[in-house]
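Notes for the structure review
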Amino acid sequence: MAEQAAEKTEFDIVAEAHPNKDFKAPELTGEIATPRVEDGMIVKGVTDAIKPHIAKEAIQEKLDFPGTLVDNWDEAVIRRLGELLERYKSLQVYLDTCVRCGSCTDKCQFYLGTNDPNNMPVARAELLRKVYKRYFTTEGKIFRKLAGAEKLDINLLSDWYAYFHQCSQCRRCSVFCPYGIDTAEISMAAREIMDCIGIGQKYVNEILGKVHDIGNNLGMNPKALAATLESTEEDLEEETGQKIRLPLDEEGAEVLMITPSADFFASPHVESLLGYAKVFHQAGISWTFSSKASEAGNFGMFIGNYTQLEKVASRVRDAIDDIRPKRLIVGECGHAWRVAYSFWNTLIGPFDTLDPNYPAPQHICEFTLDLVERGAIKLDKAANDEFTVTFHDSCNVARGSCMGDRPGGQFTIPRELIKASCNRFVDMEKGTIMEETFCCGGGGGLLTDEILQVRIQGAMPRMQALSRVMESDGVNFMALICAICKAQFTKILPKYGVPMSVAGGVHQLVGRAIDLGAKA
């Protein structure tokens, strides 16, 4: 008689995932259809859902998390949830407030793309809310299921791991919630709890370890970074005939530039890096990168862990102390700008050694637009005449930050800089841009290929809006100010039959348009 298959462990149940199918992207029609919900579509314990890989023991322990699922994990979950409720009062408000009105139902790109009701923001949040009700509310303890409460078990934990990793924490649902419930905060809390019981996500946690060990997401050590910048300087001189520098670790530079490490390495990211360098060169402003803080990104936010968030950010504080700059500028990265704008002052501030006449920190788009408006640099729009440009508002910039000293600057400043760099600009349809923008589908720690199908599906609403202006206005360039958006779209665009070259950075356009004439 054939041997019986070994019984699955609890860890196996959580880790078990349905692999990516040979998935074909939806047809681009320009329309964003809302899936129809039918009875019985939401199923508990969907162990065959697409999930990211779970982090191995060495990755977890490097971040001071348990290496595997802890004993009595259910008790550990409740204990950690209680600690988070005590620390973050907003979390309890969000868990208590929902009335299931349905306003958020069709606002999530992952629900619209996957047709899975578990990806409705209200349904996803309910995975945690019903545990909260069971163990932390009087009515849940007494009436249990009648009060929407449910006991935590391994199948529910499996659902947590699947669906809280099909949320990019973009906060679009929060814009439409009449109570302002921030579902991203609930997703962050769930991920933080899972890390604390030994169920961490490989992609995010592995990158956090690289930052702690080396200083950036790519694992590029200082010698490799210096060599890369030197090689890029040679390419710039060959292109322009001018010695345009990419300085590293230069003490006393006026500007300390903190940018995503993808800018040093990959296309189209590096084209924006060239744009930054040309701007500083032509404006005659001394600047430098730091090998100690060679990463603007901070994946600590994705797992909702304040300790990791602070530890990654501390490298920027150390770089400020070493370089002693007057100004702190952040490159094109969506979640990095949200962390810088919303968290740095409390994580690594105050910035009392910087020049108080300038914003601290300042986004590169605000910096460059100011130079353009003051006439410190000149842009030739005709240099980009081959493009009809649109702009994708990155979710963390749009809904978690601002730019400049005016309300809505995060929307107007990038667009004004684009319009100063090209002759033809077209916005995508209202309801898909600015505060209502759709996520690229790869943010929040989802930029990993084992969940590529989910990423393709999550990108569907943005791709439909893009296809509409490509058809109606001849758009052939989508400008971005986010490293994750650039990485996501260069992977996803071809899946929808759109050339990879359609995606690029705002400073890619600036770098093409800037007049590198003789200096005074």
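For the structure itself, consult the block above.
Described below are features of the structure shown in this document.

Looking at the sheet that holds strand β1 (residues 255-258)
With parallel pairing, the four strands of this open sheet are ordered in space as β2-β1-β3-β4. Each edge of the sheet is formed by a strand with only one pairing partner; in this case those strands are β2 (287-288) and β4 (362-363). In terms of strand pairing, β1 meets strand β3 (residues 327-330) through four bridges, oriented parallel. If you follow Leu256 over to β3, its bridge partner there is Leu328. The strands that helix α14 (residues 306-323) touches are β1, β2 and β3; relative to β1, the one it contacts most, it runs at about 155°.

Concerning a negative patch on the surface
Taken together, Glu230, Glu234, Asp235 and Glu238 make up a surface patch of like negative charges. Among the structural elements, Glu230 can be located in helix α12 (residues 222-240).

Side note on the sheet that holds strand β6 (residues 477-480)
Spatial strand order, β5-β6-β7: three strands in an open sheet with parallel pairing. What marks the edges here is a single partner per strand, and that holds for β5 (389-391) and β7 (503-505). Each adjacent strand pair in this sheet contributes to an overall mean axis angle of 40°, direction not counted. Pairing geometry for β5 and β6, over three bridges, is parallel.

Rules and cut-offs
- Residues numbered from 1 in each chain as written.
- Predicted model: local features only at pLDDT ≥ 70, side-chain atom pairs only at ≥ 80, totals over all residues.
- Heavy atoms only, no water.
- Pairing = 2+ DSSP bridges.
- Helix = DSSP H or I, 4+ residues; strand = E, 2+ residues; numbered from the N terminus.
- Contact = heavy atoms within 4.5 Å.
- Axes fitted to C-alpha atoms, helices over the stretch in contact; angles between N-to-C directions.
- Patch = residues over 30% accessible without salt bridge, like charges linked within 9 Å, V, L, I, M, F, W, Y side chains within 5 Å.
- Areas by Shrake-Rupley, 256 points an atom, 1.4 Å probe, with all protein chains shown as cover.
- Salt bridge = Lys/Arg side-chain N within 4 Å of Asp/Glu carboxyl O.
- Lys, Arg positive; Asp, Glu negative; His and termini not counted.
- Charge placed at Lys NZ, Arg CZ, Asp CG, Glu CD.

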